[in-house]
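Residue strings, one per chain:
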Amino acid sequence: PALPGGHSDDEEGAGDEEAAARGPRLRDTPEDIVLEAAANAIALHPARALLAAGDVDGDVYLFSYSCVEGDTRELWSSGHHLKSCRDVAFSLDGHKLFTVSKDRSVHVLTTEEGRLETRLCKAHSAALNCVLPVTEHVFATGDEGGVLKVWDLRKGAAVLEAHEHEEYISAMAVDANGKLLFTASGDGTLGVFNIKRRRFELLSEPQNGDLTSVVLLKRGKKVACGSSEGTVYLFNWDGFGAASDRFALRAESIDCMVPVTENIVCTGSLDGVIRAVNVLPNRVLGCVGQHVGEPIEQLAVAPGGRLLASCAHDQKVKFWDTSALGAIVVDDYRRRKKRGGPLRALSSKAAGSGEDFFADLRDEPEEAPRAAGGSDSDDSD
């Protein structure tokens, strides 16, 4: 160790030794992952610190991520798709990875090695947009032509095929019982399908703009859809024919949406901003993060909702700390917030690295007009 009053180089040497003794540097969130091409889709493993990404070249990657600096690394890559990979999803147990592509194929890879286990060539007659595992053996796919298929891996074939939508299927969600499947479509409708009975149930009334995302909230009592017009539409359970409530964000669009808690969703938009939105009461809580000036393609949330990942056209996957969102009391925040002020930064990385990035972003009206005939309330959920 350097002696008191020693030379500066001795002091620097001592500093290096101290840094080494302290061990690797810990970060609030994992480091950015830089890809060779823009990612269309990302997914986080249900139990382990693993992230899958599918890019516009058709390549699929698996990364391990960590808050220890320098510890995030690529584990394997797969180039089996001939065209752009549009969506990726882990199986419920995390042992498999489902991928779908513009080349109309579905691939099932082993998570551990990236080995191609199942390939469904020409699974649809149009390019595939999304994939959703439902049970250990059953999964669903949606395509650009509005066709939904539900597959059983044990049979290697589709057990339900439905062409109810007039435009592309953008996203899907399933209830906790694996019974009802919900589809969001470019025709502005929410589709409801009964998987267990293998039948179509109903389409909602068309909303304004394309529906781009669909999630379940309030312990499964509400279904929320994002739209290309920047509006969140809410549907009551057993009332899927018409939206019960709507909430307009001052965003160009809502291109993707994930639930972080039972009441809060994070939305990604064309403007590159990730907003945290409380549902019933409807409030924009603030900004979780951003890909400056780059449209956000997809969001994924880690188990427990404490970490959010995002991908955009900047060829980066970024991570955001969402652990504080669950502690926000919406009523208290409403009383003390400054009307018309800048969008509140909800994480240390959401401040644009010191730039006045949010100067032009303003919070939303406290309540948006409800849908005609809507009589929704918070129900004390």
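Residues numbered from 1 in each chain as written. Predicted model: local features only at pLDDT ≥ 70, side-chain atom pairs only at ≥ 80, totals over all residues. Heavy atoms only, no water.

### So, the UniProt feature "repeat: WD" (unreviewed entry) in the chain
Here comes step 1: In the UniProt entry, the feature "repeat: WD" (unreviewed entry) is given for residues 162-196 and 296-321.
Here comes step 2: Strand forms 51% of residues 162-196 and helix 0%; the C-alpha atoms that close the span are 14 Å apart.
Here comes step 3: The distance separating the terminal C-alpha atoms of residues 296-321 is 17 Å; by composition the span is 0% helix and 69% strand. (UniProt positions renumbered as here; feature names shortened; annotations may be inferred. Helix = DSSP H or I, 4+ residues; strand = E, 2+ residues; numbered from the N terminus.)

### What to know about the side chain of Thr29
Here comes step 1: Mapped onto the secondary structure, Thr29 falls in the loop between α1 (8-22) and β1 (33-34).
Here comes step 2: Looking at Thr29, the relative accessible area reads 3%, which means it is buried.
Here comes step 3: A distance of 3.0 Å separates a polar atom in the side chain of Thr29 from a polar atom in the side chain of Lys349.
Here comes step 4: Dropping the residues within four chain positions of it, Thr29 is found in contact with Cys67, Leu307, Phe319, Trp320, Asp321 and Lys349. (Buried < 20%, exposed > 50% of the residue type's maximum accessible area, 1.4 Å probe, protein only. Polar contact = N/O pair within 3.5 Å; in protein donor to acceptor, adjacent residues only side chain to side chain. Contact = heavy atoms within 4.5 Å.)

### Some points on the pairing of strand β17 (residues 199-203)
Here comes step 1: Across four bridges, strand β16 (residues 190-194) lies against β17 in antiparallel orientation. Bridge pairing in β17 links Asn194 to Arg199.
Here comes step 2: The hairpin formed by β16 and β17 contains four residues between the paired strands, and Arg198 there has a positive phi angle of roughly 55°. (Pairing = 2+ DSSP bridges.)

### Quick look at the sheet that holds strand β28 (residues 316-321)
Here comes step 1: Strands sit in the order β1-β28-β27-β26 across an open sheet of four strands; the sheet is antiparallel. In this open sheet, the two edge strands, each paired with only one partner strand, are β1 and β26 (296-301).

### Description of the sheet that holds strand β11 (residues 138-143)
Here comes step 1: Strands sit in the order β10-β11-β12-β13 across an open sheet of four strands; the sheet is antiparallel. Only two strands of the sheet have a single partner each, and these edge strands are β10 (128-133) and β13 (157-162). Direction aside, the axes of adjacent strands within the sheet are offset by 20° on average.
Here comes step 2: Alignment of β10 against β11, held across five bridges, turns out to be antiparallel. Considered in β11, the bridge of Pro133 is made with Phe139. (Axes fitted to C-alpha atoms, helices over the stretch in contact; angles between N-to-C directions.)

### A few points about the nonpolar core
Here comes step 1: Counting residues in hydrophobic clusters, the biggest one holds 19 residues, and the most contacted among them are Ala224, Val232, Leu249, Met257 and Val265.
Here comes step 2: Listed by contribution, the elements that provide at least two residues to this core are β18 (211-217), β20 (231-236), β24 (273-278) and β25 (283-290).
Here comes step 3: No fewer than three residues from each of domain 2 (123-248) and domain 3 (261-325) sit in this core.
Here comes step 4: If we skip the residues at most four places from it in the chain, Val265 touches Val215, Leu217, Met257, Val258, Pro259, Val260, Arg275, Ala276, Val277 and Val279.
Here comes step 5: If you look at the next biggest cluster of nonpolar residues, it comprises 18 residues, including Ile274, Leu285, Leu308 and Leu325. (Core = buried A, V, L, I, M, F, W, Y, C linked by side-chain atoms within 4.5 Å. Domains from an automatic or database assignment.)

### Overview of the pairing of β28
On a regular strand, each side chain points to the face opposite its neighbour's, so the side chains alternate between the two faces of the sheet.
Here comes step 1: Note that β1 and β28 share two bridges and pair antiparallel. For Val34, the partnering residue across the bridge sits in β28 and is Lys316.
Here comes step 2: Sheet analysis places strand β27 (residues 307-312) next to β28, joined by five bridges and oriented antiparallel. If you follow Cys311 over to β28, its bridge partner there is Val317.
Here comes step 3: As consecutive antiparallel partners, β27 and β28 are separated by three residues, and within that stretch Gln315 has a phi angle of approximately 65°, a positive value.

### Quick notes on unusual backbone geometry
Here comes step 1: Look at the link from Leu280 to Pro281: it is a cis peptide, with omega at 0°.
Here comes step 2: On the secondary structure map, Pro281 appears in the loop between β24 and β25.
Here comes step 3: Even without being a glycine, Lys122 presents a positive backbone phi close to 45°.
Here comes step 4: Residue placement: Lys122 occurs in the loop between β9 (116-120) and β10.
Here comes step 5: Exposure remark for Lys122: the relative accessible area of 64% places this residue in the exposed category.
Here comes step 6: For Arg198, which is not glycine, the phi torsion reads 55° and is therefore positive.
Here comes step 7: Along the chain, Arg198 turns up in the loop between β16 and β17.

### What about the confidence of the model for the chain?
Interpretation of this model should avoid reading the predicted coordinates in detail wherever pLDDT is low.
Here comes step 1: When pLDDT is averaged along the chain, the result is 87, and 83% of the positions lie at 70 or above.
Here comes step 2: Note that pLDDT drops below 50 for residues 1-7; the model gives that stretch four contacts with residues more than four away or on any other chain.
Here comes step 3: This model gives residues 352-381 a pLDDT under 50, and the stretch forms 76 contacts once residues within four places in sequence are excluded. (pLDDT = per-residue confidence, 0-100.)

### What about the pattern of salt bridges?
Here comes step 1: The full count for this structure, using the stated rule, is 11 salt bridges.
Here comes step 2: Across the salt bridge formed by Arg27 and Glu69, the nearest N and O atoms sit 3.8 Å from each other. Placement of the pair is Arg27 in the loop between α1 and β1 and Glu69 in the loop between β4 (60-64) and β5 (73-78), with a sequence separation of 42 residues.
Here comes step 3: Judged by relative accessible area, Arg27 falls into the partly exposed class, the value being 26%.
Here comes step 4: Residues participating in the shared-partner salt-bridge network are Arg25, Arg27 and Glu69. (Salt bridge = Lys/Arg side-chain N within 4 Å of Asp/Glu carboxyl O.)

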